[in-house]
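# Analysis of the macromolecular model
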Amino acid sequence: MAQSHDVLFRALADPTRRAIFERLCRHGDQTVAALTARAGVSQPAVSKHLAVLRQAGLVRDRHEGRQTHYSAQPKALSPLIDWTSRMAGFWQGRFDDLEDLLKRMDQ
């Protein structure tokens, strides 16, 4: 698996980071303060989670005065979507082979 896949998986492995990413996807740009209010963790923790998401390319930051606004970058999920599609095809083939084997065994 490519290193970019590893970075995406690591970034999305944490439930708090997934929640932050999902919130940005659903509600658009958010400040750190707005994300902290809903995250259930401290502002420094939210900032660290955002740094990991930014490193993975899942969020982008934009500075406006003293505030930083974050937005989701859903297209960054493309490698993950491609991988899951390949794996779905792999497992579908395995299940088809198993079904064929079971049918032959029943005859």
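Notes on the structure follow. (Residues numbered from 1 in each chain as written. Predicted model: local features only at pLDDT ≥ 70, side-chain atom pairs only at ≥ 80, totals over all residues. Heavy atoms only, no water.)

### Side note on the environment of Lys-103
For clarity, the threshold we go by: Helix and strand assignments come from DSSP, with helices taken as H or I runs of at least 4 residues and strands as E runs of at least 2, each series counted from the N terminus.
For Lys-103, the position within the fold is in helix H5 (residues 78-106). Each C-alpha atom, one on Lys-103 and one on Trp-83, is 30 Å from the other, the two residues being 20 residues apart in sequence.

### Considerations on the pattern of salt bridges
The criterion, for reference: For this document, the term salt bridge refers to a Lys or Arg side-chain nitrogen within 4 Å of an Asp or Glu carboxyl oxygen. Three labels apply to residues, based on accessible area from a 1.4 Å probe with only protein chains included: buried if under 20% of the type maximum, exposed if over 50%, partly exposed otherwise in between.
As enumerated under the stated definition, the model contains five salt bridges in all. Between Arg-54 and Asp-61 there is a salt bridge, and its shortest N-O distance comes to 3.8 Å. The class for Asp-61 is partly exposed, based on a relative accessible area of 27%. The salt bridge involving Glu-99 is made with Lys-103; its shortest N-O contact spans 3.8 Å. Taken as a pair, Glu-99 and Lys-103 lie in helix H5 at a separation of four residues, close to a single helical turn. Residue Glu-99 is classed as partly exposed on the basis of its relative accessible area, which comes to 42%. One connected set of salt bridges, linked through shared partners, spans Asp-29, Arg-62 and Glu-64.

### Concerning the side chain of Thr-68
The test is simple: Polar contacts, as counted here, are pairs of nitrogen or oxygen atoms within 3.5 Å of one another; within protein the pair requires one atom able to donate a hydrogen and one able to accept it, and residues that are adjacent in sequence qualify only if both atoms are side-chain atoms. In what follows, residue pairs with any heavy atoms lying within 4.5 Å of each other are defined as contacts.
If you trace the backbone, Thr-68 turns up in strand E3 (residues 67-72). On the basis of relative accessible area, Thr-68 is assigned to the buried category, the value being 17%. A distance of 3.0 Å separates the side chain of Thr-68 from the side chain of His-63, its partner in a polar contact. Other than its neighbours up to four places away in sequence, Thr-68 contacts Gln-30, Thr-31, Val-32, Asp-61, Arg-62 and His-63.

### Quick look at the packing of aromatic side chains
Defined as follows: In summary, the pairing rule links any two rings of Phe, Tyr or Trp, Trp by its six-membered ring, whose centres are within 6.5 Å, and it sorts them by plane angle into stacked for under 30 degrees, edge-to-face for over 60 and tilted for everything else.
A complete count under the given rule lists three aromatic pairs for this structure. Between Phe-90 and Trp-91 the ring centres are 5.0 Å apart and the planes differ by 80°, which places this aromatic pair in the edge-to-face class. Taking the relative accessible area as the measure of exposure, Phe-90 reaches 36% and is therefore partly exposed. On the basis of an interplanar angle of 40° and a centroid distance of 6.2 Å, the ring pair of Trp-91 and Phe-95 is categorised as tilted.

### A word on the packing of helix H2 (residues 15-27) against helix H3 (residues 32-39)
Threshold: Lines are fitted to the C-alpha atoms to define the axes, a helix being fitted only along its stretch in contact, and any angle between axes, read from their N-to-C directions, falls within 0 to 180 degrees. An angle counts as roughly parallel when it lies under 35 degrees, as roughly antiparallel when it exceeds 145, as roughly perpendicular when it falls between 65 and 115, and as oblique in every other case. Handedness of a helix crossing follows the sense of rotation of the near helix relative to the far helix, less than a right angle counterclockwise being left-handed and clockwise being right-handed.
As a packed pair, H2 and H3 sit with axes 11 Å apart at the nearest point and diverge in direction by 125°. By the angle between their directions, the pair H2 and H3 is classed as oblique. Two packed elements cross with a definite hand, and for H2 against H3 that hand is right-handed. Where H2 abuts H3, its residues Ile-20, Arg-23 and Leu-24 lie against Ala-34, Leu-35 and Arg-38.

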